[in-house]
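# Descriptive analysis of the structure
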Amino acid sequence: RLLIIDFGSQVTQLIARRLRELNVYCEIHPYNRVDDGFLRDFAPKAVILSGGPDSVTRPGSPRAPEALWTFGVPVLGICYGQQTMMTQLGGLVESGHGTAEFGRAYVTPANDMLPILDGWFADGREQVWMSHGDHVSKIAPGFTVYGTSPNAPFAITADVSRNFYAVQFHPEVHHTPKGAKLYENFVRLAGFTGDWTMASYREDAIARIRAQVGDRKVICALSGGVDSSVAAILIHEAIGEQLTCVFVDHGLLRLNEAEEVVTMFREAYNLPLIHANESDLFLGALEGVSDPEVKRKTIGRLFIEVFDKHAKDIGGADFLAQGTLYPDVIESVSFSGGPSVTIKSHHNVGGLPEKMGMKLVEPLRELFKDEVRALGRELGLPEKFIRRHPFPGPGLAIRCPGEITREKLDILRRADAVYIDQIRKHGLYDEIWQAFAAILPMRTVGVMGDGRTYDFAVGLRAVTSVDGMTADYYPFTHEFLGETATRIINEVKGVNRVFYDVTSKPPGTIELE
Ligand code: XMP
């Protein structure tokens, strides 16, 4: 296995991702937990030193463990990792002097060709992505320069006899097009054969869950979304009946959703699952509520109450399982503590672990969404389920602006089902990040047959997005929109008008509330 020592770069996980694409197993550990002893115990076959925000010129700034330099395995230093390598091995790094470089740069070869640059410089130069304030002003003894850029004369250096490689740029990002090739050359040189797969991730994750949980009990809030589903199935595989899942049905789910989720998990996966049908409780508490934040907070509070009640019924649990993904981890680190404004109070099970004195089990913490999907496939989850669009915790409540009534929810469910059916029939489902219908808080006049109608209006939303943080509306054809509007009005009693939302995010948000 390969060890990545993390000096705090925003893109450290991308290194892991590039390596996983090469079927190489790696682990990321923060620099302040990697000392000489850790290194010996971990026994890596190769080490990568990540970038980081600090400056090696600052006294007390992070360093790699000294034992690394005599450990005898290939080491690749990236950006800050390169600079600490130079400093620790006798070179010099300086700050400022107008040699900072941010963004695209071109590296040209110097001296011989390095094995890790195999496949580079076909056009005599190579595009790379730089992001550094400090720069190396003198390379360490034993090192040779293999690539230079206008502002980084030591962009690529190496001490081939010791297998130390150092680059100033970030090979892990998209804007270094041959970056993946560099990692591939590095891991081949280190002797990795690329035999690590999702199947082996599954096995490792199961072993880690068993080691963490022992013979204690775990409880999981299963929403039916991909993340919590994959986490639950994996944990169930690891510890069987020590896991209990609670599916809280708040009466704000889509057409047939509760039955589908409960049936699949009980029958196909044999998961111990409590189906908490609490629609009366939630819809009762939401009666007369039209303020979006009050809706969200009410649902969040009741969710915790219901979950807590069922946890007590089974005699409590020591762990709470969550399908937290890597992007959630990064976001919460980089945005925490900042003076940010609450746009929406997102509903999740946060607050539960402290209240109930539980620890967290988060087996997906190192994965990106598409990797979770790959793991889901590995675990046999049906494709249709794996590709499902995201669905928010507060469910249809935030797609029903104004007061929520059972009548409106019923209309909304049926309109949404027709809309999604249309999207699937036209083969557009996988091109769209998220699509749903909303029921608007107004009635309008229409004419059907020879009669006057005075019915609800439905709004359709469909967006493309990479991460949900920004989004653009999906450009359906007019034919598609016309056909869908006609179907909804014909098939869903109570709707006589359909709008299509062409707002991007920002300024809109994806959901209506
Ligand atoms: P917005 O509406 O904030 O949505 O642009 C961005 C993404 O987040 C989802 N969303 C939620 N997901 N709990 C969730 O689990 C929530 O409270 C929540 N609110 C919004 C939304 O569906 C979209 O994918």
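Predicted model, so just to flag it, every value in this text is computed and none were measured.

In terms of regular secondary structure, the protein chain is built from 15 helices and 20 strands. Taking the principal axes of the C-alpha coordinates as reference, the protein chain spans close to 90 × 55 × 40 Å.

Looking now at the sheet that holds strand 15 (residues 319-321). The strand order across the open sheet formed by five strands is 14-13-12-15-16, and the pairing between neighbours is parallel. Only two strands of the sheet have a single neighbouring strand rather than two, namely strand 14 (273-277) and strand 16 (359-361). Averaged over all adjacent pairs, the angle separating strand axes in this sheet is 30°, with direction ignored. Summarising the sheet, strand 13 (residues 243-249) and strand 14 pair through five bridges and their orientation is parallel. Each bridged residue has a counterpart across the sheet, and for C245 the counterpart in strand 14 is L273.

What follows deals with the domain arrangement of the protein chain. Looking at the protein chain, the domain boundaries give domain 1 (2-189), domain 2 (198-386) and domain 3 (405-500). Using C-alpha coordinates to define each centre, domain 1 is positioned 51 Å away from domain 3.

Within the element layout of this structure, A158 appears in strand 10 (residues 152-159). Taking the number of C-beta atoms within 10 Å as the measure of exposure, A158 has 24 and is therefore buried. In this structure, the C-alpha to C-alpha distance between A158 and L76, residues 82 residues apart in sequence, is 9.0 Å. Once residues lying within four places of it in the same chain are set aside, the contact partners of A158 are L114, F143, T144, Y146, F164, Y165 and A166.

Here F436 shows up in strand 17 (residues 434-448). The contacts of F436, once residues within four sequence positions are left out, are R399, D416 and R461.

Our focus in this paragraph is the packing of helix 14 (residues 406-425) against helix 15 (residues 478-491). The description of two helices packed together rests on the angle between their axes and the distance between the axes. Viewed as axis vectors pointing N to C, helix 14 and helix 15 meet at an angle of 145°, and their least axial separation amounts to 10 Å. In terms of crossing hand, the pair formed by helix 14 and helix 15 is right-handed. Together, A415, V418, Y419 and Q422 of helix 14 and T484, R487, I488 and E491 of helix 15 make up the contact between the two elements. Across the contact of helix 14 with helix 15, the residue classes break down as four nonpolar, two polar and two charged.

A word on the sheet that holds strand 3 (residues 46-49). The strand order across the open sheet built from nine strands is 2-1-3-4-11-10-9-6-7, with neighbouring strands paired in mixed fashion. Lying at the two open borders of the sheet, with one neighbouring strand each, are strand 2 (26-30) and strand 7 (126-132). Going from strand to strand, the sheet's axes swing by 25° on average, the running direction of each strand aside. For strand 4 (residues 75-78) and strand 11 (residues 164-167), the ladder comprises four bridges, and the chain directions are parallel. Across the sheet, residue I78 finds its bridge partner in strand 11, namely V167. Those strands touched by helix 1 (residues 12-21) are strand 1 (2-6), strand 2 and strand 3, and its axis lies near 165° from that of strand 1.

Moving on: the packing of helix 1 against helix 4 (residues 179-189). Close contact between helix 1 and helix 4 brings their axes to 10 Å; oriented N to C, the two are set at 65°. Considering the angle they form, helix 1 stands roughly perpendicular to helix 4. In the packing of helix 1 onto helix 4, the handedness of the crossing is right-handed. Contacts between helix 1 and helix 4 involve R18, L19 and E21 from the first element and A180, Y183 and V187 from the second. Looking at the contact of helix 1 with helix 4, its residues break down into four nonpolar, no polar and two charged.

The next subject is the UniProt feature "active site" (unreviewed entry) in the protein chain. Sequence positions flagged by UniProt for "active site" (unreviewed entry) are, in local numbering, C79, H170 and E172. Across 94 residues in sequence, these annotated residues keep their C-alpha atoms within 11.3 Å of one another, forming a single compact spot. Here C79 lies in the loop between strand 4 and helix 3 (80-88). The residues touching C79, leaving out its near neighbours within four places in the chain, are G51, S131, H132, Q168 and H170. Excluding its chain neighbours within four sequence positions, the residues that come into contact with H170 are V11, G51, I78, C79, W129, S131 and T176.

Conventions and cut-offs
Residues numbered from 1 in each chain as written. Predicted model: local features only at pLDDT ≥ 70, side-chain atom pairs only at ≥ 80, totals over all residues. Helix = DSSP H or I, 4+ residues; strand = E, 2+ residues; numbered from the N terminus. Pairing = 2+ DSSP bridges. Axes fitted to C-alpha atoms, helices over the stretch in contact; angles between N-to-C directions. Domains from an automatic or database assignment. Buried ≥ 20, exposed ≤ 12 C-beta atoms within 10 Å, placed from the backbone. Contact = placed C-beta atoms within 7 Å. Left-handed = near helix turned anticlockwise from the far one by under 90°. Nonpolar A, V, L, I, M, F, W, Y, C, P; charged D, E, K, R; others polar. Parallel < 35°, antiparallel > 145°, perpendicular 65-115°, else oblique. UniProt positions renumbered as here; feature names shortened; annotations may be inferred.

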